[in-house]
Amino acid sequence: MLIIRPRSYAGIALISTLLLLYLWTSSTSTLTSSSSSSSSPPVWRTPQYESYFWTTLPITYPPKEIRPLPTTPPLKFPKVQAPAPSESPEALQTRLQRQAAVKQVFSKCWASYKRLAWKADELAPVSGGKKNPFGGWAATLVDSLDTLWLMGMKPEFAEAVAAAADIDFTKTDLDEVNVFETTIRYLGGFLSAYDLSGDARLLHKAVEVGEMLYRAFDTPNRMPITRWDIHAAMAGKKQTAPPGLLVAEIGSLSMEFTRLSLITRDPKWFDAVQRITEGMASQQNSTALPGLWPLVVSAQDEVYNVGNAFTLGAMADSVYEYLPKMTALMGGQLPVYQQMYEAAMATALKHNLFRPMTPTNEDILVSGSVKAENGETTLDPQGQHLVCFLGGLLTLGGKLFGRQQDLDAARRLVDGCVWTYKALPRGIMPETFTMLPCPPSTCAWDEETWKKQVLARAKDAGGTSADAVIARDRLPKGFTSIPDRRYILRPEAIESVFVSYRATAHPSLPDAAWDMFTAINATTSTTLANSAVWDVTQPEDKDAGMADSMESFWMGETLKYFYLVFAGWDEADLDEWVFNTEAHPFRRLLP
């Protein structure tokens, strides 16, 4: 829909933008587009940052040297997107109706957030209250900026940018800041909205966040504190990187920090994360499961190869996600990311993926967790909603690097997530579940074997029969347990459906996406917005239990991906854009 804004509003916006552009540039041009990566313009500087708190705070452990950004020309990769599918007038009408329905749900949530929780991190979608788990820096607002832009909600976008410009990243009530979450939501959100709109105020805020986060790296070995005592840092106290932390929290900062350096031409953020990458790359093939990193690593000692738990799911997922995405973002200027991806996926395809036994023998895959000890591996066949991102990851990597084995696994993983949605009574996948892996030689449904595994998984079964456990726990056929019955508005399944659809143009995927969307909205919709629910195993005539929670990724990721499935084929083209783990699209470097 064409939106016409008053001339006076447009004039004010234009004047403000020109003034900000003047303040943000020197007498020579220092902002560069993504396509000019091979040049080396002057490092971007602005007078106003001379007095910005996070830049005036003395650095206790300055780096001895800073790695420069690469200057080699970007490479030409194979196309990720398939040719646009043909579309009949009826199909076009259906697609646009579905797109409008997704936008309507987003608009409802946005209106309630604006009315009841403006500038808070989250709206409580049942009670109408507000929550601040991410610093109180308006996480939902920042996470939604690029969604507003992509949905064509330009007046709302302009209002949100004006509000975001006032966020103060020197103040928070939190005792501890999660550096990873702050990076993907705030830094990623501002950078993406800047890449899309070119509004200099958003780059201003991205630099403010970047300067703050850079102080989390002020440790003797320049490794970050991922759960960061921000007030101690503000007081100038010495900091030390932690001896134990989740691998995702240290290994998933590369896209945002690197994109900030690419735009500003200041390499310090790139240098900060590349130190981590180099350490992880050097130890990747010396772990107990070579190719994958253990779940817990040490930043203090820079040890990434000690531990026996290996997963592509929660607490590790985005480490692997960012390997092909960094290749795409940088135009292949850093070959180490492709090398790391190929080594990781060779191991994951062999050890972590399994075909589950299902009543109708679907040829699908699920990703589980592995323990590796004394040269032996043990698979825990627990699936996670979060690990549904893997189908999209393997699709991207398979396309970029010409790996057919990845593309084959990707489609089976996407089909597995779609099947799991359909298998539950409300058409929604739970947070976690277990299934029975098929034997290597065959995969045929065996009801007695399934029931034996149900009993083995039921810790409190006692003398209860398998049928009683199945009825009590509401287990659909094929599921041996459902440890976490929640749906928390997660995006990973629709993320992979979107990426797979763009890469294959398979006609079944939009219908699968629509079924997922209608099921989710029917179960989670409240008077105000949408809420996480406690139990998706409950039948539709029972209460799934509203959790009164709507994390910012609902509007920043889930609804964005649903919308893009039904958007025009050239919107957020995957050959021009690459999404961070919070679904914020960054411009790719192109030859």
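About the thresholds
- Residues numbered from 1 in each chain as written.
- Predicted model: local features only at pLDDT ≥ 70, side-chain atom pairs only at ≥ 80, totals over all residues.
- Heavy atoms only, no water.
- Helix = DSSP H or I, 4+ residues; strand = E, 2+ residues; numbered from the N terminus.
- Rg over C-alpha atoms; globule rule 2.2 N^0.38 Å.
- Buried < 20%, exposed > 50% of the residue type's maximum accessible area, 1.4 Å probe, protein only.
- Contact = heavy atoms within 4.5 Å.
- Areas by Shrake-Rupley, 256 points an atom, 1.4 Å probe, with all protein chains shown as cover.
- Lys, Arg positive; Asp, Glu negative; His and termini not counted.
- Charge placed at Lys NZ, Arg CZ, Asp CG, Glu CD.
- Axes fitted to C-alpha atoms, helices over the stretch in contact; angles between N-to-C directions.
- Parallel < 35°, antiparallel > 145°, perpendicular 65-115°, else oblique.
- Left-handed = near helix turned anticlockwise from the far one by under 90°.
- UniProt positions renumbered as here; feature names shortened; annotations may be inferred.
- 1 Å grid on protein atoms, 1.4 Å probe; cavity = no way out; pocket = protein on both sides within 12 Å on 5 of 7 lines; lining within 4 Å.
- Patch = residues over 30% accessible without salt bridge, like charges linked within 9 Å, V, L, I, M, F, W, Y side chains within 5 Å.
- Salt bridge = Lys/Arg side-chain N within 4 Å of Asp/Glu carboxyl O.
- Pairing = 2+ DSSP bridges.
- Points joined across faces, edges and corners; volume = space filled by probe spheres on them.
- Nonpolar A, V, L, I, M, F, W, Y, C, P; charged D, E, K, R; others polar.
- Polar contact = N/O pair within 3.5 Å; in protein donor to acceptor, adjacent residues only side chain to side chain.
- Disulfide = S-S within 2.5 Å.
- Expected span 1.5 Å × (residues − 1).
- Phe/Tyr/Trp six-rings, centres within 6.5 Å; stacked < 30°, edge-to-face > 60°.

1. What to know about the overall build of the protein chain
1) Next: The number of helices and strands found in the protein chain is 20 helices and 16 strands.
2) Next: The globule rule puts the C-alpha radius of gyration for 591 residues at 25 Å, and the 24 Å found for the protein chain is close to it.
3) Next: Oriented by its inertia axes, the alpha-carbon framework of the protein chain measures out at about 75 × 60 × 45 Å.
4) Next: When each of the 591 residues of the protein chain is scored for burial, the buried share is 59%.
5) Next: Considering only contacts within the protein chain whose residues lie at least 6 apart along the sequence, 73% involve residues at least 24 apart.
6) Next: Just so you have it, the protein chain exposes about 23000 Å², and 54% of that area is on carbon and sulfur atoms.
7) Next: One way to put it: in the protein chain the 55 positive side-chain charges average out to a point 2 Å from where the 65 negative ones average out.

2. Topic: the packing of helix 19 (residues 508-524) against helix 20 (residues 553-565)
1) Next: Taken N-terminus to C-terminus, the directions of helix 19 and helix 20 make an angle of 140 degrees; their axes are 9 Å apart at the nearest point. As the angle between them shows, helix 19 and helix 20 are arranged oblique. Of the two possible hands of crossing, helix 19 and helix 20 adopt the one that is left-handed. Along its contact with helix 19, which presents Pro510, Ala513, Met516, Phe517 and Ile520, the element helix 20 presents Trp554, Leu559, Phe562 and Val565.

3. What to know about the UniProt feature "active site" (unreviewed entry) in the protein chain
1) Next: The UniProt record marks Glu181, Asp317, Glu431 and Glu492 with the feature "active site" (unreviewed entry), using the residue numbering of this structure. From this annotated list, the subset lining the largest pocket comprises Glu181, Asp317, Glu431 and Glu492.
2) Next: Locating Glu181 in the fold gives a position in helix 6 (residues 179-197).
3) Next: Every residue in contact with Glu181, bar those within four places of it in the chain, is listed here: Phe134 and Tyr186.
4) Next: Of note, Glu431 is situated in the loop between helix 15 (404-423) and strand 13 (432-435).
5) Next: The residues touching Glu431, leaving out its near neighbours within four places in the chain, are Gly383, Gln384, His385, Asp484, Arg486, Ile488 and Arg490.

4. Observations concerning a negative patch on the surface
1) Next: Taken together, the side chains of Asp173, Asp175, Glu176 and Asp229 define an acidic patch exposed on the protein surface.
2) Next: With respect to the secondary-structure elements, Asp229 resides in the loop between strand 4 (227-228) and helix 8 (230-234).
3) Next: Asp229 sits in the partly exposed class, given a relative accessible area of 40%.

5. Focus on the sheet that holds strand 10 (residues 369-373)
1) Next: Taken in spatial order, the three strands of this open sheet run 7-10-11, and their pairing is antiparallel. What marks the edges here is a single partner per strand, and that holds for strand 7 (309-310) and strand 11 (376-380).
2) Next: Where strand 10 and strand 11 come together, five bridges link them in antiparallel fashion. When the bridges of strand 11 are listed, Lys371 appears paired with Thr378.

6. Details of the layout of surface pockets
1) Next: There is about 650 Å³ of room inside the largest pocket.
2) Next: Phe180, Glu181, Asp317, Leu386 and Arg490 are, among the 31 residues lining the largest pocket, the residues nearest its centre.
3) Next: Contributing elements (two or more residues each) for the lining of the largest pocket: helix 6, helix 9 (247-251), helix 12 (317-329), strand 12 (382-384), helix 18 (492-504) and helix 20.
4) Next: Here the residues of the lining of the largest pocket sort into twelve nonpolar, six polar and 13 charged.

7. Here's the deal with the UniProt feature "binding site: Ca(2+)" (unreviewed entry) in the protein chain
1) Next: In this structure's numbering, the residues bearing the UniProt feature "binding site: Ca(2+)" (unreviewed entry) are Thr581.
2) Next: Here Thr581 falls in the buried class, since its relative accessible area comes to 13%.
3) Next: Not counting chain neighbours up to four residues away, the residues in contact with Thr581 comprise Phe180, Ile184, Ser318, Glu321, Tyr322 and Glu557.
4) Next: A distance of 2.8 Å separates polar atoms of two side chains, one belonging to Thr581 and the other to Glu321.

8. Considerations on the pairing of strand 13
1) Next: By the alternation rule, side chains of strand 13 split into Thr432 and Thr434 and Phe433 and Met435, which are all buried.
2) Next: Across three bridges, the pairing between strand 13 and strand 14 (residues 479-484) is antiparallel. If you follow Met435 over to strand 14, its bridge partner there is Phe479.

9. Overview of the state of the cysteines
1) Next: As enumerated under the stated definition, the model contains two disulfides in all.
2) Next: A sulfur-sulfur separation of 1.7 Å characterises the disulfide bridge that pairs Cys438 with Cys443. Summarising the burial analysis for this pair, Cys438 and Cys443 share the class buried.
3) Next: For the protein chain, the bonded cysteines pair up as 1-2, 3-4 when numbered in the order they occur along the sequence.

10. Here's the deal with the side chain of Thr434
1) Next: Its place among the elements puts Thr434 in strand 13.
2) Next: A relative accessible area of 1% places Thr434 in the buried class.
3) Next: Separated by 2.6 Å, the side chains of Thr434 and Thr480 make a polar contact.
4) Next: One polar contact links Thr434 to Ser481, side chain to side chain, over a distance of 2.6 Å.

11. Some points on helix 14 (residues 389-401)
1) Next: In this model helix 14 runs 18 Å from its N-terminal to its C-terminal C-alpha over 13 residues, within 8% of the 18 Å that 1.5 Å per residue would give.
2) Next: In terms of residue burial, helix 14 counts as a mostly covered element, since twelve of its 13 residues are buried.
3) Next: Buried within helix 14 are the following residues: Phe389, Leu390, Gly391, Gly392, Leu393, Leu394, Thr395, Leu396, Gly397, Gly398, Leu400 and Phe401.
4) Next: Phi turns positive one or two residues past the end of helix 14, at Gly402, with a value near 65 degrees.

12. As for unusual backbone geometry
1) Next: The phi angle at Arg222 is positive, at roughly 65 degrees, despite the residue not being glycine.
2) Next: Its location among the elements puts Arg222 in the loop between helix 7 (200-214) and strand 4.
3) Next: Even without being a glycine, Asn361 presents a positive backbone phi close to 60 degrees.
4) Next: In this fold, Asn361 is placed in the loop between strand 8 (353-354) and strand 9 (366-367).
5) Next: Since its relative accessible area comes to 34%, Asn361 is described here as partly exposed.

13. Some remarks on the packing of aromatic side chains
1) Next: Counted according to the given criterion, the structure contains 25 aromatic pairs.
2) Next: Both rings, one in Trp137 and one in Phe169, keep their centres 5.1 Å apart while their planes meet at 55 degrees; by these two values the pair is tilted. Of this pair, Trp137 sits in the loop between strand 2 (130-131) and helix 4 (139-150) while Phe169 sits in the loop between helix 5 (154-164) and strand 3 (177-178); the two residues are 32 residues apart in sequence, bridging distant segments of the chain.
3) Next: You can call Phe169 buried: its relative accessible area is 1%.
4) Next: Seen from their ring centres, Phe217 and Phe257 are 5.5 Å apart, and the 50 degrees between their planes marks the pair as tilted.

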